[in-house]
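Examination of the molecular architecture
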Amino acid sequence: MSLPQSVTLFEVGPRDGLQNEKSVPLNSKVDLVNALSRSGLTHIETGAFVSPRWVPQMADSNQVFAKIERSNSVSYTALVPNIVGFDAALQHSPDEVAVFTSCSESFSRKNTNCSVAEGCSVSRQY
């Protein structure tokens, strides 16, 4: 087995890491994304367009996308659970959209409040 010539790192800290914190100020989130951009990373999951009732820590993702200093060498990704999140993300020009779902109906309902089929429909509609 030969190893690949390169790997791509997807930094998810601004989304996955910060969604577990009680409260992080907007400017701190923007500063984090900007610092990660300057570090040489090329893929940064910048925020999530999810229900603020379920994940209030991501309620300002639209503002994070608006305030970051974009680098042409970085792909800024938005995580979305459904078509509503997808449509919201598109308004803020992410370079990529990450769609998540589950293989378990019960986990999908608990995590995203939609079925597996509904979660997968986002990628089929666009």
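Provided above is the structure to which this section pertains.
Only a predicted model underlies this, so the values are computations on that prediction, with no experimental measurement involved.

1. Details of helix α2 (residues 26-38)
- Between the first and last C-alpha of α2 there are 19 Å, a value that for 13 residues agrees with the 18 Å anticipated at 1.5 Å per step.
- The set of residues buried in α2 consists of Leu26, Lys29, Val30, Val33, Asn34, Leu36 and Ser37. Projected down its long axis, α2 shows its buried positions confined to an angular sector of 160°, all on one face.
- Looking at the buried side of α2, the elements it contacts are α1 (13-17), β1 (43-48), α3 (61-67) and β2 (75-80).
- Positive phi appears at Gly40, one or two residues downstream of α2, with a value of about 110°.

2. As for the side chain of Asp60
- Mapped onto the fold, Asp60 is located in the loop between β1 and α3.
- Residue contacts for Asp60: discarding those within four places in its chain leaves Leu26 and Lys29.

Analysis parameters
Residues numbered from 1 in each chain as written. Predicted model: local features only at pLDDT ≥ 70, side-chain atom pairs only at ≥ 80, totals over all residues. Heavy atoms only, no water. Helix = DSSP H or I, 4+ residues; strand = E, 2+ residues; numbered from the N terminus. Expected span 1.5 Å × (residues − 1). Buried < 20%, exposed > 50% of the residue type's maximum accessible area, 1.4 Å probe, protein only. Arc of directions from axis to C-beta. Contact = heavy atoms within 4.5 Å.

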